[in-house]
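Chain by chain, the residues:
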Amino acid sequence: LSNLTFNNGNVGIGTTSPSTQLHCTGQITMDGASGTDHVLDVAEVIPVADEVEEGDVVSIDATSPKYQFIRSAKPNDTLVVGVVSSTQKGNKSLPAMFIGNAQQRQADNPGQKYKYLTIAGQVAVKVRLEGGPIRKGDLLTTSSTAGYAMRAQKLKHGSIIGKALEDFDGEAGEKGMIIALFTLM
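What you see is a predicted model; the values in this text were computed from it and never measured. (Residues numbered from 1 in each chain as written. Predicted model: local features only at pLDDT ≥ 70, side-chain atom pairs only at ≥ 80, totals over all residues. Heavy atoms only, no water.)

(A) Broad picture of the packing of aromatic side chains. Tallied over the full model, the rule gives two aromatic pairs. Centroid distance tyrosine 67 to phenylalanine 69: 5.7 Å. Interplanar angle 80 degrees. Geometry classified as edge-to-face. The ring centre of tyrosine 148 lies 5.1 Å from the NZ or CZ of lysine 175, which sits over that ring. (Phe/Tyr/Trp six-rings, centres within 6.5 Å; stacked < 30°, edge-to-face > 60°. Lys NZ or Arg CZ within 6 Å of the ring centre and 35° of its normal.)

(B) Up close: empty space enclosed by the protein. Under the counting rule described, the total for this entry stands at one cavity of 30 Å³ or more. Taken as a whole, the largest cavity spans an internal volume of roughly 40 Å³. If you go around the largest cavity, the residues you meet are Val83, Val123, Val125, Leu140, Ile161, Gly162, Ala180, Leu181 and Phe182. When contributions to the lining of the largest cavity are tallied by element, the ones reaching two or more residues are strand 9 (113-128), strand 12 (160-164) and strand 13 (175-182). Of the residues forming the lining of the largest cavity, the biggest block, three residues, is contributed by strand 13. (1 Å grid on protein atoms, 1.4 Å probe; cavity = no way out; pocket = protein on both sides within 12 Å on 5 of 7 lines; lining within 4 Å. Points joined across faces, edges and corners; volume = space filled by probe spheres on them. Helix = DSSP H or I, 4+ residues; strand = E, 2+ residues; numbered from the N terminus.)

(C) Representation of the side chain of threonine 142. Mapped onto the elements of the fold, threonine 142 is located in strand 10 (residues 139-142). According to the relative accessible area criterion, threonine 142 is buried, its value standing at 0%. Polar side-chain contacts of threonine 142 include one of 2.6 Å to the backbone oxygen of lysine 74. Only 2.8 Å separates the side chain of threonine 142 from the backbone nitrogen of aspartate 77, close enough to count as a polar contact. (Buried < 20%, exposed > 50% of the residue type's maximum accessible area, 1.4 Å probe, protein only. Polar contact = N/O pair within 3.5 Å; in protein donor to acceptor, adjacent residues only side chain to side chain.)

(D) How the structure looks around the side chain of glutamate 54. Position of glutamate 54 among the secondary structure elements: in the loop between strand 4 (39-48) and strand 5 (57-60). No salt bridge is formed by the buried glutamate 54. Its closest oppositely charged neighbour is lysine 115, at 5.2 Å. Side-chain polar atoms of glutamate 54 contact the side chain of serine 86, separated by 3.3 Å. Of note is the side chain of glutamate 54, whose polar atom sits 2.7 Å from the side chain of threonine 87. (Lys, Arg positive; Asp, Glu negative; His and termini not counted. Salt bridge = Lys/Arg side-chain N within 4 Å of Asp/Glu carboxyl O.)

(E) Expanded view of the sheet that holds strand 1 (residues 4-7). Here we have three strands laid out as an open sheet, ordered 1-2-3, and mixed in their pairing. Among the strands making up the open sheet, the edge pair consists of strand 1 and strand 3 (22-24). Geometrically, the sheet is characterised by an average inter-axis angle of 20 degrees between neighbouring strands, direction not taken into account. In this sheet, strand 3 lies alongside strand 2 (residues 10-13) in parallel orientation, the contact comprising three bridges. Paired with isoleucine 13 across the bridge in strand 3 is cysteine 24. (Pairing = 2+ DSSP bridges. Axes fitted to C-alpha atoms, helices over the stretch in contact; angles between N-to-C directions.)

(F) Highlighting the layout of surface pockets. If you add up the space inside the largest pocket, you get close to 170 Å³. As for the largest pocket, its lining consists of 13 residues, and the residues nearest its centre are Ala102, Gln103, Tyr114, Lys115 and Tyr116. Secondary structure elements with two or more residues in the lining of the largest pocket: helix 1 (102-108) and strand 9. Counting residues per element, the lining of the largest pocket draws most heavily on strand 9, which supplies four residues. Residue composition of the lining of the largest pocket, grouped by class: five nonpolar, four polar and four charged. (Nonpolar A, V, L, I, M, F, W, Y, C, P; charged D, E, K, R; others polar.)

The following block contains the structure:
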């Protein structure tokens, strides 16, 4: 605690003049969900349509007059933004860091739903076999099934959401969930 500084309501770590509520100088290490089988991501609050769930692949809602996101339902969708992060401890992935507060945003904006979008890291994503079996290292894109990803068969700029870190061959059915490294490209 010798590196902590308090100045006008701001807290500094490694600095004697913190300029924001929390001002850190140097490297930061964050651990989360330790002692579990979870993988971790960084997640930011986004406005969503009602039916969006954790693990869904989401795109910009081009039909809405307001800024929000919907489950992607078009193969190779260039409006895709990523995967809705999980917040339930029983799931395969969890955010190590939340940017924003979905519950507070919901309270401040009744009628609009909010979820956390993975902006970096590893995330559990819904997949299906539409593009064929998925192997570790395959690039993932949007499928024709709302909220699901598939193996990318062609590279279309702006439609890739990440890289598969697990295989999916449909042994347990055509739909499932795998861990992917989020990389929007």
